[in-house]
Amino acid sequence: MDERDGDRMRERPFGEDLTPAIRRTDAENRSDASVADIDELIGPPQTLESEIQGVWAIQSAVSAAILGVIAAVAFSVLSVGGPWVGGVLFVVGTIVGIALTILRYRIWTYQVRSDSLYLRRGVVTRVNTVAPYIRIQHVDTRRGPVERVFGLATTVVYTAGSRGADVSIPGLTPERAADLQARLKQLAIAAEGEDAV
Amino acid sequence: MKLDPLSIPFRAAESIVRLAWVLVVFVIGSPALGGGVSSVLGLVVTGFVIALGYQLVYYQRFEYELTNDTLDIVSGVISRRDREIPIGRVQNVDISRNVFQRALGVAQINLETAGGSSTEASLRYVSHEEAKRLQSELGRLKRGARDETEEEQPERELFSITSKELSLLGVVGIDLRLLSVVTVLLPVVAPSLREQFADPLLGLAVTAPLAAAGIVAVTAVISGIIAVANYYGFRLARRNDELLYERGLLQRYSGSIPLEKVQVLTISENVIARRLGYASLGVETAGYAPGDAESQSAVPLADRDRVFDLARSVENFEEIAFERPPKRARERYVVRYSLVALIVVGSAFAADTYTGLTFAWYVTVALVPLAVVAAHLKWLNLGYAVQSEYIVLRQGFWTRTITVVPYYRVQTVLDSQTVLQRRRRLATVVVDTAGSSGLTNRQPRALDIDESRAKELRETVADRLQEMVRHRRSERRRARLQSIETGREEAPSESVS
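Below: a short report on this structure. (Residues numbered from 1 in each chain as written. Chains lettered and ligands numbered in written order. Predicted model: local features only at pLDDT ≥ 70, side-chain atom pairs only at ≥ 80, totals over all residues. Heavy atoms only, no water.)

## Focus on the environment of B:Ser388
Residue and element names in this part refer to chain B. Here Ser-388 lies in the loop between strand 14 (383-386) and strand 15 (390-395). A relative accessible area of 42% places Ser-388 in the partly exposed class. Along the primary structure Ser-388 and Asn-270 are separated by 118 residues, whereas in three dimensions their C-alpha atoms are 28 Å apart. The residues contacting Ser-388, other than those within four sequence positions of it, are Glu-318, Tyr-407 and Arg-464. (Helix = DSSP H or I, 4+ residues; strand = E, 2+ residues; numbered from the N terminus. Buried < 20%, exposed > 50% of the residue type's maximum accessible area, 1.4 Å probe, protein only. Contact = heavy atoms within 4.5 Å.)

Put into structure tokens, the structure is as follows:
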């Protein structure tokens, strides 16, 4: 068996019919070709599309509206205040939401680094996440109804970690999202996701 | 292979018991039936016969087979399911038997893989011998997939619980969840006691400590009974690269934990255990669904040094020298706890002034100095240690948990900073693994460390992960080359390792 394997290796060192275990033996030789690729795939820190502010603003306005309606109902039953409290809550909530949205947009950056994806986000709680490519299980692109209206998409990176889809990048144009998904896929393959768990 | 024939009546009886409440509602809800005992009996018998028929079909249509590299299960009465589980991906194999199952000599065997949220394969029920056979066969096949020459080693006992430890477990393992249940019962008992005192304050002063003592005592007794029932005859052994455990008084559990699938080790000691010099060891694999924490406890309670020895035999971490967060983190906790204390004092005062209740609200002022002590204790028990292959994290005063995370098992690493943390230039580093207890708040994390240190730590962990992966890969490559040279065919190692 190994005799035949040896012959095959001599004939076609990187042939496709070899078993994965043998291919891994020459991983270093093989990666010579992909090193250049990796340099093309990685890049400097990127910001989101500015349209995402619209999506977030609408989302915060919707939650402010829900809060306002609940407050309006509650206060019309109670003896103090009146339904106007709900209106005030809605206005204040929306203004705060929009302010947070602008800050959130300014802070949000992501970077495709050589061996990991790096995200920086959060207004109240600033979070910097490092997601190594070897840990990537799969990459999704998602488009919600509001996102579609604004012509945006979200790329979600899944790991086996307990935080689930914690690594998601919103506010990309569909082309950018598809490009990012393809790049991450290539990087994950280059990193050989052998050790996913 | 088929299930054990005894599983037909057993499963039928089980489903009847499960439906018993429906019967109860039915009988109570329709007194017109009036038949009393005889009609209930009739219903039970009819139900049992129907269930028996269904289970007979279930039995006939359930087939499993253990091949050299998969476990195939074909099942389902109406909708059929054909499932193949690659043996290399199996994480845990657990056998459980309750009293009735033991009387019948049957057992339930559960298989866990890293995917999915529930148990991937559950055979209910096979004979106990068959369960044992499957467990050891699975272990052998998993080893075989890696290295055929490795001989089956005899079981080596690592730990078995003594009766002293078992009785201590009842005291140490007071379950706080039980405490809340017992507390709910308190208002039923308390008023009758308090009525005997004229002054409500005096009444409270007498009844409150009594009640507290009562709560703790009852809780201790209940959790003691639960602990003894759960961990009676606990035994941990090692065979090749697997840990084998056995435990339980009424319901007997036994299972295997493959060492190479271990994600994280946790050593936890609560206040009482710490004083007595005891600790418990938890082994987390990626297999279990969140919330199964109970079944992952590798050693329920043992001497602290012994626990560390056992932990080192699984993951060879170095002597731990913990680094504490900077002192300004402690200031944060002082502020936080003092605020809580002041809110309590304020509301007690308000309740005293604006409601009919009059009581010594100023007693709550004592909480303020307590807040400072609590802050110090919280800070004192925090810590992290960066080692060459592991990052070790420690937190918690009531239950101090030391988490040993191999860099190799890290999934993502992040540092986060709230507004309040930014003001004090502090940050928290969270190390996420595929271990299953991550959904609770007890994520492995280094709380409130210096912000520049946090950034450094985040990058260090990510870099060391890459290093460890490269290292493992080159080792595997070397092993592979060696096996080619010596002319031995070896199956490629599976990816979920």
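## Re the nonpolar core
If you look at the biggest cluster of nonpolar residues, it comprises 50 residues, and the most contacted ones within it are A:Tyr110, A:Leu117, A:Tyr133, A:Ile169 and B:Val429. Top contributing element to this core by residue count: helix 14 (residues 451-485) of chain B, with seven residues. If near-sequence neighbours (up to four positions away) are discounted, A:Tyr110 is found in contact with A:Pro44, A:Pro45, A:Gln46, A:Thr47, A:Leu48, A:Tyr118, A:Leu119, A:Ile169, A:Leu172, A:Arg176 and A:Leu180. Ranked by size, the runner-up nonpolar core spans 39 residues in total, among them B:Leu259, B:Leu281, B:Val283 and B:Leu310. (Core = buried A, V, L, I, M, F, W, Y, C linked by side-chain atoms within 4.5 Å.)

## What about the packing of helix 11 (residues 327-354) of chain B against helix 12 (residues 367-380) of chain B?
Residues and elements named next belong to chain B. Close contact between helix 11 and helix 12 brings their axes to 8 Å; oriented N to C, the two are set at 150 degrees. Handedness of the helix 11/helix 12 crossing: right-handed. Across the interface between the two elements, Lys-327, Ala-329, Arg-330, Tyr-333, Val-334, Arg-336, Tyr-337, Ser-338, Ala-341, Leu-342 and Val-344 from helix 11 touch Leu-367, Val-368, Ala-371, Val-372, Ala-374, Ala-375, His-376, Lys-378 and Trp-379 from helix 12. (Axes fitted to C-alpha atoms, helices over the stretch in contact; angles between N-to-C directions. Left-handed = near helix turned anticlockwise from the far one by under 90°.)

## Section: the side chain of B:Asn381
All names here are of chain B. Among the structural elements, Asn-381 can be located in the loop between helix 12 and strand 14. Taking the relative accessible area as the measure of exposure, Asn-381 reaches 6% and is therefore buried. Engagement of the side chain of Asn-381 in a polar contact is seen with the backbone oxygen of Leu-377, the distance being 2.9 Å. Residues within four places of Asn-381 in sequence aside, it is in contact with Arg-274, Arg-394, Gln-395, Gly-396, Phe-397 and Arg-400. (Polar contact = N/O pair within 3.5 Å; in protein donor to acceptor, adjacent residues only side chain to side chain.)

## Observations concerning the environment of B:Leu367
Residue and element names in this part refer to chain B. With respect to the element layout, Leu-367 can be found in helix 12. Judged by its relative accessible area of 32%, Leu-367 falls in the partly exposed class. Separated by 26 residues in sequence, Leu-367 and Leu-393 place their C-alpha atoms 29 Å apart. Residue contacts for Leu-367: discarding those within four places in its chain leaves Ala-341 and Val-344.

## Details of empty space enclosed by the protein
All names here are of chain B. Enumeration over the complete set of coordinates arrives at three cavities of 30 Å³ or more. Residue lining of the largest cavity: Leu-71, Ile-73, Ile-109, Leu-111, Ala-121, Leu-123, Leu-134 and Leu-138, and that is the complete set. The set of elements that each furnish at least two residues to the lining of the largest cavity consists of strand 2 (70-75), strand 5 (106-113), strand 6 (121-127) and helix 5 (128-146). Looking at the lining of the largest cavity residue by residue, the class counts come to eight nonpolar, no polar and no charged. (1 Å grid on protein atoms, 1.4 Å probe; cavity = no way out; pocket = protein on both sides within 12 Å on 5 of 7 lines; lining within 4 Å. Points joined across faces, edges and corners; volume = space filled by probe spheres on them. Nonpolar A, V, L, I, M, F, W, Y, C, P; charged D, E, K, R; others polar.)

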